[in-house]
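Chain and residue survey
These are the residues of each chain, in order.
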Amino acid sequence: MKTILKTSLASVIASAYILSFTGCIEDRTDFSKNSLVAEVEEEGEEIIINPNDDDDNDGLTNQEEADEGTDPKDPDSDDDGLDDGLEVKKIGTSPTTSDTDKDGVTDGIEVLGTYEDNIDPEGKVTTAGENKTPLKDGEDGLKVLDVENPISIADWGDKSAANIHKNPQTDPNDKIDALDPMNDSDYDKRPNANEKIKNTDPLDQKSFYPWIYETPTGKLMEEAGFAYIPGGFDLDGDGSKETGFWMAKYEARGDVDTTITIGGLSDFINSHFAPSTSTYVNSIALLSGEPLFVPKYDTNIGLSLTGMYGYEMAALIAENQVVGDANITGEPIKLPLNKQYAHVLELIKGNRTDYVKNGITGYDENVEEDYERAIFEISSNNRELTRDLLELKKFTALPLWWNVSNTLKSDKDKAAASANVFVAGDTGVGLEQDDFAVIIRDGDKLDLRYGVTYAEKTYNSFRAASDYLAK
């Protein structure tokens, strides 16, 4: 057998590659980079491969096919319904992988687009266009275009691919669907990537997972007066996107009388607050039997619960969790973190007052992209207790992500002052003073109060929140 490689003078230096020949090629996407591959049908046949030719008329020369690792004898190496040349030169998708963004939907479907009027009564998706070419099940359970010939680069022209998932705040530039893992091919408002994870069909509008507020726990939380706060963005710059959490829509209002029991104060504080150091230490041993109220978070009727010690506010929440029946309980709730206040303020920014909205700074797949809920009283001059404690002698500058415009402090006589400097000698140990300051939020204003056992009888109220939910 004789093999001839024809090259132009200009391509001699650039085309010094080894020619390899195989028998029947089972996996047409398994081609070595920078090697020209041909299929030999008969022994002794003379194969002529010109690097500058395009033997399969897919828009890529044989040399470009070698560089890309595609099959020079197959215009659609990965069988996704798109010519290799179209994927490389026009679209930017992978010519050797049928699902570039790995969201469970093949590139051909996402590039051509799927639209609401192309979903038949059985919920199956058809391609865009007048012919509405039906889709069929392909290998590995994926769905592929039911077309005999792939879409070629010559047929593409200046057409733009559909972009179903596009957020103008975070993604001003249009993207081709097959490069966007958050694309929603069947228009059920669930991203393909998440449908794949949750084992629902990203091409069947009747197959979808419930939003977090539609789950049994979510319904219970909403009935109790809580709203889901979307995550999906990196608030504190640590390189990890924050998840969502539940927060009470209103500050706590009193319902019926209740009595709480607290054991050792240090143990209680370390369990229900977040000291800036590893442990909280205070000499007070026992506090118990305090008559208080059962808090409610689903109404603004009546005055907010105020005039209590910080530990009492925390104890009220701990003793009154969201409970349904024996099989359904709500998320465990505590005093909110200072970080969660900053998180809410970030979502309110750029939106209408007191309303958090998904997609403002990131996208949380647990709720629809246009999800919006109100968190009342959080930016209206109401000071609320958090569970964050700062050890004053280790106090430093505040992180920018705290979203703070002004900082107040209280001295040992419990009088508010406008200075931003703490005097370590002013702190002490006792029922109303210790070395830790409670962080109190008033929207983007911060108030630091000496002592977690300090009670201000007029201003400070509270609400409840879950922890950040697990990923």
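For the structure shown, the criterion picks out 13 salt bridges. Between Glu-377 and Arg-253 there is a salt bridge; the shortest N-O distance is 2.8 Å. Taken as a pair, Glu-377 in the loop between strand 14 (372-374) and strand 15 (384-391) and Arg-253 in strand 9 (residues 253-264) lie far apart in primary sequence, 124 residues in all. One exposure class covers both Glu-377 and Arg-253, and it is buried. Salt bridges sharing partners connect three or more residues here, namely Asp-236, Glu-242 and Lys-339.

Secondary-structure assignment places Asp-447 in strand 19 (residues 445-450). A relative accessible area of 2% means that Asp-447 is categorised as buried. A C-alpha to C-alpha distance of 4.7 Å links Asp-447 and Leu-408, two positions 39 residues apart in sequence.

Considering the arrangement of structural elements, one finds Leu-389 in strand 15. Spatially, the C-alpha atoms of Leu-389 and Ala-274 are 5.9 Å apart, while their sequence positions differ by 115 residues. Those residues in contact with Leu-389 that lie beyond four places of it in its chain are Ile-269, Phe-273, Ala-274, Pro-275, Ser-276, Tyr-280, Phe-436, Ala-437, Val-438 and Val-452.

Let us look at the packing of helix 7 (residues 265-272) against helix 8 (residues 310-319). Between helix 7 and helix 8, the least distance of the axes is 11 Å, while the angle of their chain directions is 65°. For the element pair helix 7 and helix 8, the recorded crossing hand is left-handed. When helix 7 is examined against helix 8, the residues Leu-265, Phe-268, Ile-269 and His-272 are found in contact with a partner set consisting of Tyr-311, Ala-314, Ala-315 and Ala-318. Here the contact of helix 7 with helix 8 is composed, by residue class, of seven nonpolar, one polar and no charged.

This part takes up helix 9 (residues 338-348). Counting buried positions along helix 9 gives 11 out of 11 residues, so the element sits mostly inside the fold. Within helix 9, burial applies to Asn-338, Lys-339, Gln-340, Tyr-341, Ala-342, His-343, Val-344, Leu-345, Glu-346, Leu-347 and Ile-348. The first or second residue beyond helix 9 is Gly-350, which carries a positive phi of 85°.

Attention now moves to the packing of aromatic side chains. Counted according to the given criterion, the structure contains 10 aromatic pairs. Centroid distance Tyr-213 to Tyr-371: 5.7 Å. Interplanar angle 25°. Geometry classified as stacked. Of the two residues, Tyr-213 is situated in the loop between helix 5 (192-197) and helix 6 (216-223) and Tyr-371 in the loop between strand 13 (355-357) and strand 14; the sequence distance between them amounts to 158 residues. Classification of Tyr-213 by relative accessible area gives buried; the value is 13%. Note on Tyr-309 and Tyr-311: the rings are 5.2 Å apart at their centroids and 10° apart in plane angle, and the pair reads as stacked. Judged by its relative accessible area of 18%, Tyr-309 is buried. Here a set of aromatic residues connected by ring pairs shows up, and it is made of Tyr-213, Tyr-228, Trp-246 and Tyr-371. Against the face of Trp-401 rests Lys-339, its NZ or CZ located 5.9 Å from the ring centre. Between the NZ or CZ atom of Arg-373 and the centre of the ring of Tyr-213, over which it lies, the distance is 4.8 Å.

For the rest of this paragraph, the subject is helix 6. The complete set of buried residues in helix 6 reads Gly-218, Leu-220 and Met-221. Seen along its axis, helix 6 keeps its buried residues to an arc of 160°; they face one direction. Opposite its buried face, helix 6 presents the exposed residues Pro-216 and Glu-223, each directed more than 90 degrees away. Looking at the buried residues of helix 6, the elements they touch are strand 7 (226-229), strand 8 (245-248) and strand 12 (333-334). Gly-225 sits one or two positions beyond helix 6 and adopts a positive phi of about 100°.

So, about the nonpolar core. Within the largest apolar cluster, 43 residues are counted, with the highest numbers of intra-cluster contacts made by Phe-226, Trp-246, Ile-269, Tyr-297, Leu-389 and Phe-462. In terms of residue count, the dominant contributor to this core is helix 8 (six residues). By size, the runner-up hydrophobic cluster in this structure holds 18 residues, among which are Tyr-341, Val-356, Ala-465 and Tyr-468.

Moving on, we come to the pairing of strand 15. Within strand 15, eight of the eight residues are buried, which leaves it mostly tucked inside the rest of the structure. Neither face of strand 15 is exposed, since Glu-384, Thr-386, Asp-388 and Leu-390 on one face and Leu-385, Arg-387, Leu-389 and Glu-391 on the opposite face are all buried. Where strand 10 (residues 274-275) and strand 15 come together, two bridges link them in parallel fashion. Note that in strand 15 the partner of Pro-275 across the bridge is Leu-389.

On to unusual backbone geometry, then. In this structure, Glu-377 takes a positive phi of about 70° despite not being glycine. Using a relative accessible area of 13% as the deciding quantity, one classes Glu-377 as buried. A positive phi angle is found at Asn-403, which is not glycine, with a value near 60°. By secondary structure assignment, the location of Asn-403 is in the loop between strand 15 and strand 16 (406-410). Residue class for Asn-403 comes out partly exposed when judged on its relative accessible area of 23%.

Thresholds, definitions, all that
- Residues numbered from 1 in each chain as written.
- Predicted model: local features only at pLDDT ≥ 70, side-chain atom pairs only at ≥ 80, totals over all residues.
- Heavy atoms only, no water.
- Salt bridge = Lys/Arg side-chain N within 4 Å of Asp/Glu carboxyl O.
- Helix = DSSP H or I, 4+ residues; strand = E, 2+ residues; numbered from the N terminus.
- Buried < 20%, exposed > 50% of the residue type's maximum accessible area, 1.4 Å probe, protein only.
- Contact = heavy atoms within 4.5 Å.
- Axes fitted to C-alpha atoms, helices over the stretch in contact; angles between N-to-C directions.
- Left-handed = near helix turned anticlockwise from the far one by under 90°.
- Nonpolar A, V, L, I, M, F, W, Y, C, P; charged D, E, K, R; others polar.
- Phe/Tyr/Trp six-rings, centres within 6.5 Å; stacked < 30°, edge-to-face > 60°.
- Lys NZ or Arg CZ within 6 Å of the ring centre and 35° of its normal.
- Arc of directions from axis to C-beta.
- Core = buried A, V, L, I, M, F, W, Y, C linked by side-chain atoms within 4.5 Å.
- Pairing = 2+ DSSP bridges.

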